[in-house]
Structure formats: structure tokens, C-alpha cells
Amino acid sequence: MKKQLLSLLFCLVIVPLFHAQQPQKPNASEIYQSVKKLNFLGSVLYLAAHPDDENTKLISYMANEVKARTAYLSLTRGDGGQNLIGPEIRELLGVIRTEELLAARRTDGGEQFFTRANDFGYSKHPDETLTIWNKDDVLRDVVLTIRKFQPDIIINRFDHRTPGTTHGHHTSSAMLSVEAFNLTNNASVYPDQLKSVNTWQPKRLFYNTSWWRYGSQEAFDKVDKSNFLSIDTGVYFPSSGLSNTEISALSRSQHKSQGFGNTGTRGSELEYIELIEGDMPKHPDNIFDGIDTSWNRVKGGKAVGKVLAEVEAEYDFKNPAASISKLVKAYHLIQQIEDKHWKTIKTRDIKQVILACAGLYLEATATNNWATPNEQVHLNLELINRSNANIKLQNYTLPNQVSVNKNLALANNTKFQFSENYSVASTAKTTTPYWLTESSSLGMYTVNDQSLIGLPETPRSEMVTFHINIENITIPFTKPIVYKTNDPVKGEVYKPFEIIPEAAVQMAEPVVIFENNTPKRVAVMVKAGHDNLEGTLKLNTPDAWQISPKQQTVNIRHKGETKLLWFTVTPPEQQNEVSISPTISVNGRNYNNALIEIDYDHIPFQTVLMPSNSKWVRLNIIKKGENIGYIAGAGDVVPESLRQIGYNVAVIQPEQITASNLARFDAVVVGIRAYNTVEDLRYKQQTLFDYVQNGGNLIVQYNTSHRLKVESLAPYTLELSRDRVTDENAEVKFLNPTHPILNTPNKITTHDFEGWTQERGLYFPNTWGDEFTPILGMNDKGETEKDGSLLVAQYGKGYYIYTGLSFFREFPAGVSGAYRLFANMLSLGKENIVTQPKLND
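Cut-offs applied
Residues numbered from 1 in each chain as written. Predicted model: local features only at pLDDT ≥ 70, side-chain atom pairs only at ≥ 80, totals over all residues. Heavy atoms only, no water. Buried < 20%, exposed > 50% of the residue type's maximum accessible area, 1.4 Å probe, protein only. Helix = DSSP H or I, 4+ residues; strand = E, 2+ residues; numbered from the N terminus. Pairing = 2+ DSSP bridges. Right-handed = clockwise from strand over helix to strand, strands pointing away. Axes fitted to C-alpha atoms, helices over the stretch in contact; angles between N-to-C directions. Parallel < 35°, antiparallel > 145°, perpendicular 65-115°, else oblique. Contact = heavy atoms within 4.5 Å. Nonpolar A, V, L, I, M, F, W, Y, C, P; charged D, E, K, R; others polar. Arc of directions from axis to C-beta. Core = buried A, V, L, I, M, F, W, Y, C linked by side-chain atoms within 4.5 Å. Phe/Tyr/Trp six-rings, centres within 6.5 Å; stacked < 30°, edge-to-face > 60°. Lys NZ or Arg CZ within 6 Å of the ring centre and 35° of its normal. pLDDT = per-residue confidence, 0-100. Lys, Arg positive; Asp, Glu negative; His and termini not counted. Salt bridge = Lys/Arg side-chain N within 4 Å of Asp/Glu carboxyl O. Polar contact = N/O pair within 3.5 Å; in protein donor to acceptor, adjacent residues only side chain to side chain.

**Q** Now, about the pairing of strand β2 (residues 69–74): what can you tell me, with residues and values included?
**A** Within β2, 6 of the 6 residues are buried, which leaves it mostly tucked inside the rest of the structure. Here 6 bridges tie strand β1 (residues 43–48) to β2, and the two strands are oriented parallel to one another. Across the sheet, Val44 pairs through a bridge with Thr70, a residue of β2. Bridge count for β2 against strand β3 (residues 111–114) is 4 bridges, and the pairing is parallel. Each residue of the ladder has a partner; that of Ala71, found in β3, is Glu111. Read from β2 through helix α3 (residues 91–108) to β3, the crossover connection turns out right-handed.

Dropping the structure here:
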């Protein structure tokens with residue numbers, strides 16, 4: 001369950017999955033599967049555009065049945081999607097969806113990669129997509145990932161031959177994959193990459209097709225499948241008690257922000273892949289047919305394979321430790337092979353198997369979940385060997401490269417604990433997503449360090465390396481420092497150990513609307529990264545805006561404490577917009593980043609540092625009515641935004657939707673996708689219609705036609721479609737220019753549709769009753785006009801309004817026209833209203 005947000009949103013706290021940071025503790029069956037995987041040297045790369053595009057059935061099958069090293073390359077992090085679990089959108093949603101993909105891969109056994117492409121929202125054609133993304137940069141990243149991962153097989157989720165028939169990102173991902181397939185082995189293509197990677201030629205490229213590609217199962221049955229492979233992904237794994245499709249469903253269900261919870265199935269289930277490049281396998285039941293996936297594929301690997309084959313054949317499920325001696329021998333042989341690629345991969349993998357077989361537990365925990373550069377950190381180290389193997393701790397190396405010698409025999413089931421202190425380096429980089437450290441464009445993130453490109457997360461910097469001698473071979477095991485506490489309800493709770501700046505600063509409100517020239521008090525929050533923080537806080541404001549005081553002294557006694565400081569702001573007389581950023585100066589250093597924490601049950605705790613900006617808008621706006629009821633949907637900040645322009649907004653729970661309660665409100669607003677996500681609304685729809693009939697205004701924001709909870713969305717005919725206008729600058733036509741919603745109390749002009757962000761709107765109705773009046777017409781380039789973005793119908797004494805316009809995106813961006821238009825929607829039919837006393841929320 002999501003924690004309550006701080007009322008002023010200094011930390012966007014939205015409790016990690018309690019096991020998300022815990023060390024893996026595989027059982028004997030799981031260890032055996034890892035042993036089998038040590039003996040397979042083949043790789044599969046699945047490629048698509050977004051988080052949740054991947055086919056988890058195929059990824060799980062390749063990783064768990066075939067035992068191939070399997071990865072998913074998602075070109076974007078899903079930044080442009082919607083969020084069903086909280087208010088985060090854009091970059092912060094991208095962080096959440098990145099972690100959801102990693103949670104999915106932990107479930108299905110795959111790995112995860114990305115390019116620098118920014119999900120800028122829905123695109124209707126790859127021409128637009130590749131222009132905004134910068135095709136060459138994304139192609140460069142795809143080539144780099146292939147060269148790093150060295151897949152034998154690439155599987156595209158989408159068809160490269162059908163541009164314009166689906167999401168432009170989808171088709172673009174396939175087009176780039178096909179192009180990259182024929183470039184990755186060419187040393188003249190992106191030669192700068194060859195300083196760190198080698199050229200590589202995948203053997204086969206497939207397209208993961210299905211009946212939906214052909215419109216129906218009947219049509220698909222008639223397709224010539226001589227170039228297809230069919231794969232039964234419904235295999236059952238007795239070692240886990242799960243079918244592959246059940247694992248796939250668990251993986252897919254990690255995409256919680258998108259509402260993709262999935263029910264597992266059992267039984268045979270065919271997936272089809274169509275050969276696009278390379279040769280067709282002679283044996284259709286083996287996608288790797290003709291590719292050597294044994295240790296013989298690497299020079300010096302035959303001896304390794306012989307030892308590991310013995311480990312697999314002799315494995316004792318009751319005593320995995322019996323395999324340690326030969327595993328250590330195999331480890332030593334792997335260090336001798338010349339192939340750096342497989343040497344790196346198999347070294348990593350076999351070390352984990354050795355740890356598991358020995359029951360060797362190594363952990364380094366800090367007494368706090370974060371520290372600042374130069375800070376002294378106290379560590380607790382725990383080691384225990386739970387086997388009869390000959391294991392010694394030679395030494396361990398702290399993050400400051402100080403080595404502590406121990407030369408200690410680790411007797412069976414004897415726990416050893418040590419305490420150490422070290423100072424975080426003065427040059428230590430703060431912990432934050434690496435792709436958010438530089439300013440980005442609409443289509444691309446800026447990442448200057450090539451070694452980071454493609455990685456799902458920023459590599460951890462604070463590590464402890466344990467040098468363990470096992471059977472007379474010394475093996476280094478590196479563990480990230482973590483923070484561990486005990487929660488009385490949840491038990492053992494882990495968080496990553498983060499490096500943060502000594503001060504973080506954030507405007508309490510990302511947008512402040514001044515509906516007139518009356519001064520407002522605005523809050524700035526400062527968080528101390530260490531004890532006894534002293535500094536000076538200023539707001540960077542232009543001359544037209546008056547602020548008092550000009551600066552304030554900050555004194556915060558305790559590390560982690562947040563202090564709220566207030567400034568009085570007087571806006572200019574005329575309409576004006578400005579971006580404000582606070583700065584705190586500490587010992588000659590300036591800090592202007594907000595420290596944002598994302599904390600959900602299903603993903604690890606995340607710390608994000610982002611520039612702290614607030615948009616201040618002096619807005620010429622008139623409104624009628626005061627009291628607004630808001631029925632929350634999938635998560636947005638519309639209630640907070642309406643409060644900014646002076647409305648008293650009460651969030652209504654489904655059980656509070658009664659005739660007497662609704663009568664208090666001048667208007668009721670239904671949040672985005674509420675009719676998709678709030679089950680109890682099916683029982684409250686007539687009550688809402690009665691409210692309108694008795695004189696209320698009901699504004700329903702966008703929903704999708706899929707999984708609607710109600711039979712009738714409106715009191716009249718209204719059918720949703722997938723119509724959308726993705727160009728945020730698309731021309732807007734006034735279909736009924738004299739309608740009150742465009743004239744009262746604010747005169748709406750085309751200027752009110754300037755500065756919109758990401759899109760005009762989505763999932764517009766395409767069929768409606770004659771009772772509705774369409775207000776606006778708009779369309780993307782080359783398409784017919786869409787008139788369903790804003791529909792108004794009088795019902796009894798009140799008004800029912802349906803809108804697919806993206807107010808949930810425009811309000812957080814401080815788009816003036818969006819506020820003015822929404823005020824008119826709330827004010828409709830209230831020309832002579834007498835202001836009511838404000839309600840207590």
C-alpha cells in the first residue's frame with residue numbers, strides 16, 4: 001500500500017518490496033538449474049519499444065527451459081505513459097517503469113537493457129518517431145547493446161514492414177533492429193564503440209508474430225508458415241512447481257503502474273516466430289540449431305565444459321556443497337580462457353553458484369540508508385559458511401580501498417561479524433538515475449559516458465569486496481552496501497545505500513497559480529544531508545515578481561531533517577509566467593536539486609535528484625462556484641491544481657457518493673480512468689446522473705473502452721474509441737464558438753491552446769447522441785478531424801461533460817489555457833451563482 005504523501009511534496013514518497021534488496025538465497029533445486037545454465041553458452045535478445053511490450057512467455061522460456069542468457073532491450077523507459085498507481089509522470093514514471101522491468105526480469109530470469117530514447121508519448125508513424133528520437137543515436141545504442149550482449153538470436157516484438165499501422169515507437173523498434181542486424185559486424189560503423197566492445201554478428205533475426213498480426217485466428221491458420229518456428233511455451237517446471245506461462249504471468253504482473261496484473265495459465269501454448277534474417281534452423285524444435293552452445297565455442301573451454309558436465313551429473317540435491325571442489329576448479333579454468341565476453345559472464349555466474357552451494361552468506365550493512373561525501377560511515381559485516389568446505393576469509397576491501405586482513409577460517413555454521421568505519425570519498429557521485437543527470441531533449445536523454453549507455457540503472461559505487469579462499473583458490477566477492485532494518489509488521493526490510501548531497505532544496509509546489517495580484521506565501525523545503533547544516537537560501541526571480549525576504553538563513557541541526565521556509569510573493573499586474581529555482585549556498589557551494597524518493601511495495605526504494613523548478617503563473621482567470629468534489633481515478637494532481645486557482649476541493653470516496661453529499665458541490669470531477677479502476681463506481685453511476693439532473697455539473701475525464709466498470713458512461717449514448725491527437729501543437733478549431741464553455745466566464749481563444757505538453761488528448765469518443773454538443777475539433781497531420789475531445793450535454797437542470805483532453809498533463813506543466821478552459825467547464829450554467837461558504841475538506 002502506498003504511503004501518504006507529505007502534504008507539501010518535498011519527498012515524493014509513493015515501502016519497497018521487502019525482498020527487493022535482500023540477497024538471493026537459492027534452494028537446492030534452484031542451484032541445480034543454475035549449474036545447468038553454466039553449461040549453455042548461447043544468448044537471445046528480445047527487442048521492443050517500451051516496458052510491458054515484451055513477451056514474458058518467450059523470455060522466461062528461453063531463460064528457464066533453453067537455459068540461454070536472455071535479455072530484453074526496451075528502447076525507452078516508458079516515460080510517456082500513464083500511471084495507475086500514483087501521481088508520477090514523465091521522468092519519474094520512467095524510473096518506476098525501469099524498476100518494474102527489472103522486477104519482471106528477476107521473476108522470469110532475463111536481463112534488461114535500454115537505449116537513450118525518450119518516450120515522448122504516442123506516435124502514429126515511425127517517420128515522426130525517428131525524427132524526434134534522432135534515428136542515428138538510437139540506432140547507435142541498439143548496435144552498442146548487440147555488440148555488448150553478443151546475442152546469437154534476436155527476436156523483435158513488432159513487424160518492421162507495417163509502418164503507420166500501429167504505434168510509431170513499435171514499428172521503429174523493429175526497423176532499427178533489422179538495420180542493426182546488418183551493421184554490428186562492420187568495424188566502420190560506430191568505430192568509437194570498438195574501444196570497449198567488439199564487432200558481432202548475430203546468427204538469426206525473428207519477428208514474434210501471432211494471429212493478431214493477420215486480424216483473426218482463421219486468417220492466421222491459412223498463412224504459409226514454412227518460414228515460421230513454433231515454440232510451446234507452456235512447459236512445466238517440476239523444480240519450481242510452475243508452468244512457464246505461470247512464471248510469465250508473475251513477470252507481467254510486475255508492470256503495476258500500467259495495470260497489467262496477469263493471471264497464470266497452464267497447458268500447451270504456442271508462440272510463433274518468423275525468420276527475418278539469417279538461416280532457418282534445420283531442426284524446427286531448436287532455435288539454436290547449427291549454433292555451438294557448448295563450451296567448445298570458446299578456446300580453452302573444452303576443459304571447463306568437462307568439469308561442469310561432471311558437476312551437473314554428480315549434483316547432490318541433499319548436499320550441494322559436494323560440488324564445491326569441482327566448481328572451484330571450473331572457476332580457475334575459466335580465468336584462463338581468452339574470450340573476455342564469456343569469461344566475464346561465466347565468472348559472474350559460477351561465483352554465485354559457489355556461494356549458493358557453500359551456503360556462504362556475505363553482507364555489508366550501513367546504519368543509515370544514505371550518506372554525503374566526506375561523511376564517516378559505520379558498517380556491519382556478516383559472514384557465515386554453512387558447509388564443510390575449506391573456506392577462509394583472507395581480507396576485505398572497503399569502498400575507500402582500505403584492505404583489512406583477517407586470514408580467518410570460516411568454520412561450518414559459525415557466524416562472524418565485524419564493524420568498520422570508512423569515509424565516503426569527497427569526489428563520490430550522488431546516487432541518481434544516470435540518464436537524468438543532464439538536460440534532455442523531447443526525444444533523447446543525454447548520456448555522455450558510453451560505459452553507462454544501455455544499463456538499466458546507475459552502478460552502485462559503495463561496495464565491499466570479500467576475498468575468500470575456497471579449496472586453496474582465492475575468489476573475490478563484491479557486495480553493495482545496503483541498509484537493513486526490522487519493521488514490526490513487515491520484518492526484515494532492505495533499502496539501497498545512497499550518496500546524497502549535503503543539502504537538497506525544493507519548492508513545495510511545482511506550480512503556483514496567482515488568479516489575481518494578491519500576494520501569496522510560498523514554501524521552500526530544505527533537507528539536511530548531515531548534522532548542523534548552515535546555509536543561505538535564495539529564490540531566483542525576475543524583477544516583475546516581488547519577493548520578501550530576498551534571502552533567508554538556514555540552520556538545520558539534524559541529518560535527514562527537513563525545514564520549511566516561507567517567502568511572500570507579489571505577482572505582476574498582468575498575465576505572466578516564470579520558472580523559479582531555489583538555491584541554497586553551503587560553504588561556498590550551491591545546491592539546487594530536489595531529493596525525490598519513490599517508495600512502492602513492488603520495486604526497490606529509489607532516490608532521484610532533479611532540478612528544483614516551480615512554474616509561477618499570474619493568470620487572468622474568472623471562475624464561478626467554490627466547492628468541487630473529486631472522485632479519484634488512476635492517479636493525478638488535478639485536485640491540487642484546482643486548489644491553486646482558489647477552488648475548495650474535497651476528494652470523494654465511492655462510499656461518499658450519495659445524493660445528500662453531492663448536493664454540497666457546485667461541480668463533481670471524475671479522475672482519469674476512474675471508470676476503469678474504481679470497481680464501486682458501477683453502483684454509483686445513477687446517483688451521479690441524478691446529481692446532474694438536479695442541477696450539478698459532472699466532468700468526466702478520459703477513460704479507455706477496455707475494462708469499463710459501468711454499462712453506461714453517460715446519461716446519453718457515448719462510445720469511446722482509440723482516437724487521439726498526439727501533436728501537442730495541433731490546430732484547435734472551435735466547432736461551436738458561441739457555446740458558453742468557450743465564453744463564460746473566461747473568453748477562450750486559440751492562445752489558450754499554446755504551450756501544451758506531450759499531446760492534446762487521448763481516447764476520444766467517436767460516437768455520441770444528438771444531446772451532446774462537440775466543442776473542439778483537432779487532428780494530427782494527415783488525419784481526419786476528431787471532434788470528440790470535449791463534449792457537453794445538458795441533462796435535466798445540469799450538465800454532463802466528457803473530455804479526453806490531457807488536463808492531467810497540462811496542469812502540472814502550468815499551462816494557463818488549460819486552467820482557464822477547465823474553470824469554464826466547472827462554471828457552466830452558474831452565471832448567476834451566489835458563492836457558497838467553503839467546505840471543510
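Okay, back to it.
**Q** Requested: an account of the packing of helix α4 (residues 126–133) against helix α6 (residues 168–181), with residues and values cited.
**A** One way to put it is that α4 packs onto α6 with a least axis distance of 8 Å and a crossing angle of 75°. Classed by the angle they form, the pair α4 and α6 counts as roughly perpendicular. Between α4 and α6, the contacting residues are Pro126, Thr129, Leu130 and Trp133 on the first element and Gly168, His169, Thr171, Ser172, Met175 and Leu176 on the second. Partitioned by chemical class, the residues of the contact of α4 with α6 number 5 nonpolar, 5 polar and no charged.

**Q** Would you mind going over helix α10 (residues 324–334) in detail, with residue names and values included?
**A** Listing the buried residues of α10 in full gives Ile324, Leu327, Val328, Ala330, Tyr331 and Ile334. The buried residues of α10 occupy an angular sector of 160° when the element is viewed end-on, so they sit on one face. The inward-facing, buried residues of α10 abut α1 (28–38), α9 (301–314), α11 (340–358), β16 (463–470) and β17 (473–480).

**Q** Give me the lowdown on the sheet that holds strand β21 (residues 503–507), citing residues and values where you can.
**A** Judged by pairing direction, the sheet is antiparallel, and its 4 strands sit side by side in the order β21-β23-β27-β25 without closing on themselves. One side of each edge strand has no neighbouring strand; the edge strands of this open sheet are β21 and β25 (546–548). With direction set aside, neighbouring strand axes in the sheet form an average angle of 30°.

**Q** Summarise the sheet that holds β3; cite the residues concerned and give the values.
**A** Strand pairing in a sheet is mediated by backbone hydrogen bonds. Such pairs are either parallel or antiparallel. The 7 strands are arranged β3-β2-β1-β4-β5-β9-β6 in an open sheet whose pairing can be described as mixed. Bordering the open sheet on either side are β3 and β6 (228–232), each of which pairs with just one other strand. Averaged over all adjacent pairs, the angle separating strand axes in this sheet is 30°, with direction ignored. With 5 bridges connecting them, β6 and strand β9 (residues 270–278) associate as antiparallel partners. Note on β9: the bridge partner recorded for Phe228 is Glu274. Where α6 meets the sheet, it contacts β1, β4 (153–156), β5 (204–209) and β9, and its direction lies at approximately 155° from that of β4.

**Q** Can you explain the nonpolar core? Please cite residues and give values.
**A** Ranked by size, the top nonpolar core spans 59 residues in total, and within it Leu327, Ile350, Leu379, Tyr396, Phe466, Ile468 and Ile470 carry the most contacts. Sort the elements by how many residues they give to this core and α11 lands first, with 9 residues. Ile350 has contacts with Leu38, Leu308, Leu327, Ala330, Tyr331 and Ile334, leaving out every residue within four places of it along the chain.

**Q** Give a detailed account of the packing of aromatic side chains, specifying residues and quantitative values.
**A** Throughout the structure, instances matching the rule amount to 27 aromatic pairs. Relative to Trp435, the ring of Tyr434 has its centre 5.2 Å away and its plane inclined at 85°; by these criteria the two rings are edge-to-face. No difference in accessibility class separates Tyr434 from Trp435, as the two residues are buried. Ring centres 6.0 Å apart and planes at 75° place the aromatic pair Phe772 and Tyr800 in the edge-to-face group. Of this pair, Phe772 sits in strand β40 (residues 772–774) while Tyr800 sits in strand β43 (residues 798–803), and the two are 28 residues apart along the sequence. The same class applies to Phe772 as to Tyr800, namely buried. Every member of this aromatic cluster is reached through a ring pair, and the members are Phe734, Phe753, Trp756, Phe807, Phe811, Tyr819 and Phe822. Against the face of Tyr647 rests Lys623, its NZ or CZ located 4.9 Å from the ring centre. The residue whose ring lies beneath Arg724 is Tyr763, and the NZ or CZ to ring-centre distance is 5.2 Å.

**Q** Summarise the confidence of the model for the protein; cite the residues concerned and give the values.
**A** On average, residues of the protein carry a pLDDT of 92, and 96% of them reach 70 or more. Taken as a whole, residues 1–20 scores under 50 in pLDDT and shows 70 contacts with residues more than four places along the chain or in a different chain. Under a pLDDT of 50 for its full length, residues 834–841 has, in the predicted model, 19 contacts with residues more than four places off or in other chains.

**Q** A description of the side chain of Lys830 should follow, citing residues and the corresponding values.
**A** Inspection of the secondary structure puts Lys830 in the segment after α17 (816–827). Although Lys830 lies buried, it forms no salt bridge, and the closest oppositely charged side chain, Asp666, sits 5.9 Å away as judged by the N-O distance. Of the polar contacts made by the side chain of Lys830, one reaches the backbone oxygen of Asp666; its length is 2.8 Å.

**Q** Please provide a residue-by-residue account of the pairing of strand β19 (residues 491–496), values included.
**A** Alignment of strand β18 (residues 482–487) against β19, held across 6 bridges, turns out to be antiparallel. Along β19, the bridge assignment pairs Val482 with Pro496. In this antiparallel pair of consecutive strands, β18 and β19, the connection spans 3 residues.

**Q** Explain the environment of Leu139 to me, and be specific about the residues and the numbers.
**A** The topology assignment puts Leu139 in helix α5 (residues 135–149). For the pair formed by Leu139 and Tyr122, sequence separation is 17 residues and the distance between their alpha carbons is 20 Å. Residues in contact with Leu139, not counting those within four places in the same chain, are Leu176, Glu179, Ala180, Leu183 and Tyr190.

**Q** Lay out the environment of Ala309 in plain terms, naming residues and giving numbers.
**A** Relative to the elements of secondary structure, Ala309 occurs in helix α9. Expressed as a C-alpha distance, the spacing of Ala309 and Val35, which sit 274 residues apart in the sequence, is 9.0 Å.

**Q** Lay out the pattern of salt bridges with the relevant residues and their values.
**A** Taken as a whole, this structure holds 36 salt bridges when the rule is applied. A salt bridge links Asp752 to Arg820, with the shortest nitrogen-to-oxygen separation between them at 2.7 Å. Of the two residues, Asp752 is situated in the loop between β38 (732–734) and β39 (761–768) and Arg820 in helix α17; the sequence distance between them amounts to 68 residues. Residue classification places Asp752 among the buried positions, given a relative accessible area of 7%.

**Q** With reference to specific residues and values, describe helix α8 (residues 244–252).
**A** Most of α8 is tucked away, with 8 of its 9 residues classed as buried. All of the buried residues in α8 are Asn244, Thr245, Glu246, Ile247, Ser248, Ala249, Ser251 and Arg252. Residues of α8 that are buried sit in contact with α2 (56–66), α3, β7 (236–237) and β8 (242–243).

**Q** Could you give an account of the side chain of Ser248, with specific residues and numbers?
**A** Assignment of secondary structure puts Ser248 in helix α8. Those residues within four positions of Ser248 in sequence are excluded, and the remaining contacts are Thr56 and Lys57.

**Q** Tell me about unusual backbone geometry, and please be specific about residues and values.
**A** With an omega of -5°, the peptide bond running from Ser548 to Pro549 counts as cis. Here Pro549 lies in the loop between β25 and β26 (551–556). Put simply, Thr744 and Pro745 share a cis peptide bond, and its omega is -5°. By secondary structure assignment, the location of Pro745 is in the loop between β38 and β39. Its identity as a non-glycine residue notwithstanding, Arg90 has a phi of 55°, on the positive side. Locating Arg90 in the fold gives a position in the loop between β2 and α3.

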